[in-house]
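# Observations on chain architecture
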Amino acid sequence: LENALRERRNYQGIIGQSEKMQKIYDLLHTLADMSTTVLITGESGTGKDIVARRIHRLRSPDKAFVKVDCGAVAANLLESELFGYEPGAFSGAERSGKKGLVEAAGDGTLFLDEIGEIPLSLQSKFLRLLQDKTYLKVGGTKERRLNARIIAATHRDLAKMVEDKEFRLDLYFRLTTLPIHLPPLRARRSDIPALVDHIRARFERRFGYSRQFN
């Protein structure tokens, strides 16, 4: 019983024993059994990356997990990083071309982190990727097939972005088929003791001596 309780407090790096977190743990197993795109929402620091990796491990632990930080890649490079490019596609391109992250994900998981940062000009290509499961390399004419399962995440209010004409409505609908929202710690205060205990245990393992919190 003690081991089972500990597992429910620390679910593969996701810390929490509140009712809200227990529901999320159960939902992860349901999502892992599906191949549909999952959208993880929540404020920065709520653990969206950890949840995405957990869904991946539950479904295909021996497959590739490729993360694309859509907010960290310059807009003019995002397309070629994601889809790759053909030889001679543009000035300065590698002669042999380049494999994109979609191809690198294979039949594993492609994690599109901070998908709300995608420029409006590229969103039609992301829609095609989700809707038709196909894409083109930059400079290419041969249609390629997406084999990976897509998990997306954002801290932004995509519905508000749609209203403000900053995000495509059709892409929004494709992303929100299977949503999962991660609540901030202030909305689940009963999880604070479990989180403190987890941090204390990590501190002890790293530095070799004990500390107590009162």
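Residues numbered from 1 in each chain as written. Predicted model: local features only at pLDDT ≥ 70, side-chain atom pairs only at ≥ 80, totals over all residues. Heavy atoms only, no water.

## Some words on the nonpolar core
It is characteristic of soluble globular proteins that their nonpolar side chains tend to be buried jointly. Heads up, the rule is: Definition of nonpolar core: a set of buried residues of the types Ala, Val, Leu, Ile, Met, Phe, Trp, Tyr and Cys, connected through side-chain atoms within 4.5 Å. Between buried and exposed lies partly exposed: a residue is buried under 20% and exposed over 50% of the maximum accessible area for its type, with that area taken using a 1.4 Å probe on protein chains only. Where helices and strands are cited, they refer to DSSP runs of H or I of at least four residues and of E of at least two residues respectively, numbered from the N terminus. Throughout, a residue-residue contact means that at least one pair of heavy atoms, one from each residue, lies within 4.5 Å.
Counting residues in each nonpolar core, the largest one holds 29 residues, and the members touching the most others are Leu-82, Val-102, Leu-110, Leu-112, Phe-126, Leu-129 and Leu-175. Listed by contribution, the elements that provide at least two residues to this core are β4 (65-69), α4 (75-83), β7 (109-113), α6 (123-131), β10 (149-154), α7 (158-163) and α8 (169-175). By residue number, the principal contributor to this core is α6, which donates 4 residues. Those residues within four positions of Leu-175 in sequence are excluded, and the remaining contacts are Thr-37, Leu-39, Ile-115, Leu-130, Ala-152, Leu-158 and Phe-167.

## Side note on helix α3 (residues 48-59)
Residues that lie three or four places apart on an α-helix share one face, since the helix turns once every 3.6 residues. Definition in use: Any helix carries an expected span of 1.5 Å times its number of residues minus one.
For α3, with 12 residues, the first-to-last C-alpha span of 17 Å sits near the 16 Å given by 1.5 Å per residue. Every buried residue belonging to α3 is among Lys-48, Val-51, Ala-52, Arg-54, Ile-55 and His-56, and all of these are buried.

## Considering the sheet that holds β10
The test is simple: By definition, two strands form a pair when at least two bridges between them are found by DSSP. Axis definition: a line fitted to C-alpha atoms, limited for helices to the stretch in contact. Angles are taken between N-to-C directions and run from 0 to 180 degrees.
Taken together, the 5 strands give an open sheet; going across it, the order is β4-β7-β10-β3-β11, and neighbouring strands pair in parallel fashion. The strands lining the two open edges of the sheet, one partner per strand, are β4 and β11 (178-181). Between one strand axis and the next, the sheet turns by 20° as a mean value, whatever way the strands run. Pairing of strand β3 (residues 38-41) with β10 involves 4 bridges; the strand directions are parallel. Each residue of the ladder has a partner; that of Ile-40, found in β10, is Ala-153.

## Describing the pairing of β3
The two faces of β3 match: Val-38 and Ile-40 on one face and Leu-39 and Thr-41 on the other face are all buried. Here β3 runs beside β11; their pairing, made up of 4 bridges, is parallel. Across the sheet, the residue bridging to Ile-40 is Ile-180, located in β11.

## Re unusual backbone geometry
One non-glycine residue, Glu-114, lies in the positive phi region at around 55°. Secondary-structure assignment places Glu-114 in the loop between β7 and α6. By relative accessible area, Glu-114 is classed as buried at 13%. Unlike most non-glycine residues, Lys-133 shows phi in positive territory, near 60°. Residue placement: Lys-133 occurs in the loop between α6 and β8 (134-135).

## As for the side chain of Arg-149
Selection rule: The positive count covers Lys and Arg only, the negative count covers Asp and Glu only, and His and the chain ends enter neither. Within this document, salt bridges are pairs made up of a side-chain nitrogen of Lys or Arg and a carboxyl oxygen of Asp or Glu, the two lying within 4 Å of each other. As used in this structure description, the phrase polar contact means that two N or O atoms lie within 3.5 Å; if the pair is within protein, one of them must be able to donate a hydrogen and the other to accept it, and residues adjacent in sequence are counted only when both atoms belong to side chains.
The residue Arg-149 is located in strand β10 in this model. Buried charge without a salt bridge: Arg-149, with Asp-33 as the nearest opposite-charge side chain at an N-O distance of 8.3 Å. Within polar-contact distance, the side chain of Arg-149 engages the backbone oxygen of Leu-31 at 2.9 Å. If sequence neighbours within four positions are ignored, Arg-149 has contacts with Leu-31, Ala-32, Met-34, Ser-35, Thr-36, Val-38, Ile-55, Arg-59, Gly-108, Thr-109 and Leu-110.

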